[in-house]
Amino acid sequence: MGFATAGAGMGIIHQDTMIRCVTAPEDLGGAPDGISQARAATSATVANAAGAAALGTLATAFVAPSAAGVQANLLVPTTAVLTLALTLTPLLARRAA
């Protein structure tokens, strides 16, 4: 039941966030920012995909580390690489747009 509730909440928030990202600021009463809807959508999509992939892998590494990874002491380097990847996600999204 908890997973269903969390999934529904994340689904609603995700859609709302994506719509907000591509809505022109003028439509929300703000000043124009010079970013096209296509560019905003591309950036948001790339950031979402890269962040979700890295975060999912990071969470899996913590929740279910493999015996081989623990024996080889790979959990710390894997976590460091994934943390770096999450940090660089905004740069990747900016480059894609």
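Data block above holds the structure.
Residues numbered from 1 in each chain as written. Predicted model: local features only at pLDDT ≥ 70, side-chain atom pairs only at ≥ 80, totals over all residues. Heavy atoms only, no water.

1. Considering a nonpolar patch on the surface
A surface patch of nonpolar side chains, amounting to about 290 Å² of accessible area, comprises Leu84, Leu88 and Leu91. Relative to the helices and strands, Leu84 is located in helix H4 (residues 75-96). (Patch = residues over 30% accessible without salt bridge, like charges linked within 9 Å, V, L, I, M, F, W, Y side chains within 5 Å. Areas by Shrake-Rupley, 256 points an atom, 1.4 Å probe, with all protein chains shown as cover. Salt bridge = Lys/Arg side-chain N within 4 Å of Asp/Glu carboxyl O. Helix = DSSP H or I, 4+ residues; strand = E, 2+ residues; numbered from the N terminus.)

2. Section: helix H2 (residues 37-63)
The first and last C-alpha atoms of H2 sit 38 Å apart over 27 residues, in line with the 39 Å expected at 1.5 Å per residue. Of the positions making up H2, those classed as buried are Ala40, Ser43, Ala44, Gly51, Ala54, Leu58 and Ala61. (Expected span 1.5 Å × (residues − 1). Buried < 20%, exposed > 50% of the residue type's maximum accessible area, 1.4 Å probe, protein only.)

3. As for the environment of Leu82
Within the secondary structure layout, Leu82 lies in helix H4. Relative accessible area serves as the criterion here: at 11%, Leu82 is assigned to the buried category. Between the alpha carbons of Leu82 and Leu55 there is a distance of 7.5 Å; along the sequence they are 27 residues apart.

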